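# Architecture at a glance
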Amino acid sequence: MKEEDLPKITMLKAAPARKASAQQQQTRTLTVESLRRIVCCLCFETKADVARVSAFGAFADQTFLSDIVRTCFGVDIDEEQFCTDVCEQCLVQIEITWQFYRKVNANASALKDLYR
Ligand SMILES: [Zn+2]
């Protein structure tokens, strides 16, 4: 077999090493000392000047923001825990998630009613 009859093999460049995902980059080592600086019980923001609200205040159509957090994320916010505030950035995410949660559930309910 002559060399020109052989199938040409193109060497692929090695894939670049994957950068750590945003989530991995945000992971920090948590210590009891660092808990004192946390101003948001969800994202663990530590900037003291960040706008925030209590998780036990009303939000959207619910009496307690903490109920929405439990429903959407399965996270319980304890009144006794190190921090019970939620920052503005998390509120934006919660608002979007809550709207989507309600939409999906309303659709699922409507479908259930149709086949009842
Ligand atoms: Zn936050």
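For the structure given in this document, a descriptive report is provided here. (Residues numbered from 1 in each chain as written. Predicted model: local features only at pLDDT ≥ 70, side-chain atom pairs only at ≥ 80, totals over all residues.)

### Some remarks on unusual backbone geometry
- You will see that Phe 44, though not glycine, has its phi angle at about 65°, which is positive.
- The backbone of Ala 60 shows a phi angle near 50°, a positive value even though the residue is not glycine.
- Turning to its location among the elements, Ala 60 is positioned in the loop between β1 (52-54) and α3 (65-73). (Helix = DSSP H or I, 4+ residues; strand = E, 2+ residues; numbered from the N terminus.)

### Quick notes on α3
- Taken together, the buried positions of α3 are Leu 65, Ser 66, Ile 68 and Val 69. Taken end-on, α3 shows its buried residues confined to a sector of 155°, consistent with a single buried face.
- Note on α3: the residue one or two positions beyond its end, Gly 74, has a positive phi of about 70°. (Buried ≥ 20, exposed ≤ 12 C-beta atoms within 10 Å, placed from the backbone. Arc of directions from axis to C-beta.)

### Topic: the packing of α3 against helix α4 (residues 88-114)
- Two numbers describe how α3 lies on α4: the axes approach to 10 Å, and their chain directions differ by 65°. Considering how the two elements wind past one another, α3 and α4 form a crossing that is left-handed. Contacts from Ile 68, Val 69, Thr 71 and Cys 72 in α3 reach Ile 94, Thr 97, Trp 98 and Tyr 101 in α4.
- Here the contact of α3 with α4 is built from residues that sort into six nonpolar, two polar and no charged. (Axes fitted to C-alpha atoms, helices over the stretch in contact; angles between N-to-C directions. Left-handed = near helix turned anticlockwise from the far one by under 90°. Contact = placed C-beta atoms within 7 Å. Nonpolar A, V, L, I, M, F, W, Y, C, P; charged D, E, K, R; others polar.)

### Observations regarding the environment of Thr 97
- Along the chain, the position of Thr 97 falls in helix α4.
- Thr 97 sits in the partly exposed class, given 15 other C-beta atoms within 10 Å.
- Through-space distance from the C-alpha of Thr 97 to that of Phe 73 is 9.3 Å; in sequence the pair is 24 residues apart.

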